[in-house]
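Results of the structural survey
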Amino acid sequence: SQQGEEDPQALSIQEGENATMNCSYKTSINNLQWYRQNSGRGLVHLILIRSNEREKHSGRLRVTLDTSKKSSSLLITASRAADTASYFCATDARGYQKVTFGTGTKLQVIP
Amino acid sequence: DAGITQSPRHKVTETGTPVTLRCHQTENHRYMYWYRQDPGHGLRLIHYSYGVKDTDKGEVSDGYSVSRSKTEDFLLTLESATSSQTSVYFCAISESTQGIGYTFGSGTRLTVV
């Protein structure tokens, strides 16, 4: 069963707007990752945030982690049409050597 | 995707036949994974390997077996394909179990008719 659940399942915004996706998980984690998947392609690793970190930035991406609420958010600023993709969170639960993925948020950026 | 290739990219097979999917990496990473992706389920782990000849089951391993006879190759076999195994299969590799992202292959689209 999925450890992470993304919200919303789908999101449609205009180019230039910000996009926010959320991920909730169930058990304590070592770290949380976000991936992007373009249609028909494999997943691409975007960013990893460790359990002792609260916020991390990478270019137009900003990830926050709240371990007390067992949740994370991914913010994409100044979105572009090329950001259209599905975004997945993945968690590395403590005590397990496997990463589990959520069901994803499908983002559409309209030019 | 650099350093990891999956073959074949597409396959159509008949119910009851065995099928083998191949994942090949040139990164010398220790860990390799097989996932399946289905609408509404996201990615689910089938099997993974933590070294040559060292493998373990994931959450949806029934009907699948794997082998890893050398570092660079991880094979997934559907022993007797069923329609429920129609899916997109992804291989992933990583250097470590913690703190490092996975690198994914481009996937194999398998249709069982």
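A short tour of the structure in this document, coming up. (Residues numbered from 1 in each chain as written. Chains lettered and ligands numbered in written order. Predicted model: local features only at pLDDT ≥ 70, side-chain atom pairs only at ≥ 80, totals over all residues. Heavy atoms only, no water.)

Residue and element names in this part refer to chain A. The pairing of strand S6 (residues 55-58) with strand S7 (residues 61-66) spans four bridges and is antiparallel. Its bridge partner lying in S7, Lys56 is registered against Val63. Turn length for the S6-S7 hairpin, with the two strands adjacent in sequence and antiparallel, is two residues, and the turn residue Gly59 shows positive phi of about 60 degrees. Inspection of the sheet shows S7 paired to strand S8 (residues 71-76) by six bridges, in the antiparallel sense. Each residue of the ladder has a partner; that of Arg62, found in S8, is Leu75. Where S7 folds back onto S8 in an antiparallel hairpin, the turn is made up of four residues, including Lys70, whose phi is positive at roughly 50 degrees. (Pairing = 2+ DSSP bridges. Helix = DSSP H or I, 4+ residues; strand = E, 2+ residues; numbered from the N terminus.)

Okay, the pattern of salt bridges next. Following the criterion strictly, the structure yields seven salt bridges over all chains and no others. Across the pair Lys56 of chain A and Glu53 of chain A runs a salt bridge, and its minimum N-O distance is 4.0 Å. According to the relative accessible area criterion, Lys56 of chain A is partly exposed, its value standing at 28%. The salt bridge partner of Asp38 of chain B is Arg44 of chain B, with a shortest N-O separation of 2.9 Å. Taken as a pair, Asp38 of chain B and Arg44 of chain B share a single burial class, namely buried. Counted as one network, the salt bridges with shared partners bring together Arg22, Lys70 and Asp73 of chain B. (Salt bridge = Lys/Arg side-chain N within 4 Å of Asp/Glu carboxyl O. Buried < 20%, exposed > 50% of the residue type's maximum accessible area, 1.4 Å probe, protein only.)

Before going further, it helps to spend a moment on the interface of chain A and chain B. Listed as interface residues are 22 residues of chain A and, on the opposing side, 22 residues of chain B. In this structure, the connection of chain A to chain B is made through zero salt bridges. Joining chain A to chain B, the criterion identifies four residue pairs in polar contact (both at pLDDT 80 or more). At the level of elements, strand S4 (29-37), strand S5 (43-50), strand S9 (85-93) and strand S10 (99-101) of chain A are the ones that each hand at least two residues to the side of chain A that touches chain B. Ranked by residue count, the leading element in the side of chain A that touches chain B is S4 of chain A, at five residues. The residue makeup of the side of chain A that touches chain B, split by class, is six nonpolar, 12 polar and four charged. (Contact = heavy atoms within 4.5 Å. Polar contact = N/O pair within 3.5 Å; in protein donor to acceptor, adjacent residues only side chain to side chain. Nonpolar A, V, L, I, M, F, W, Y, C, P; charged D, E, K, R; others polar.)

Going through the model one piece at a time under the given rule, you end up with 12 aromatic pairs over all chains. With centroids separated by 6.1 Å and ring planes inclined at 45 degrees, the aromatic side chains of Tyr35 of chain B and Phe104 of chain B adopt a geometry described as tilted. A residue pair is termed long-range when its members are at least 10 positions apart, and Tyr35 of chain B in strand S4 (residues 31-38) and Phe104 of chain B in strand S10 (residues 103-104) qualify at 69 residues. When sorted by exposure, Tyr35 of chain B lands in the same class as Phe104 of chain B, which is buried. Between Tyr102 of chain B and Phe104 of chain B, the ring centres sit 6.4 Å apart and the planes meet at 40 degrees, which makes this aromatic pair tilted. The residues Tyr102 of chain B and Phe104 of chain B share a single accessibility class, namely buried. Connected via pairs of aromatic rings, a cluster forms that spans Tyr35 and Phe101 of chain A together with Tyr33, Tyr35, Tyr48, Tyr50, Phe90, Tyr102 and Phe104 of chain B. (Phe/Tyr/Trp six-rings, centres within 6.5 Å; stacked < 30°, edge-to-face > 60°.)

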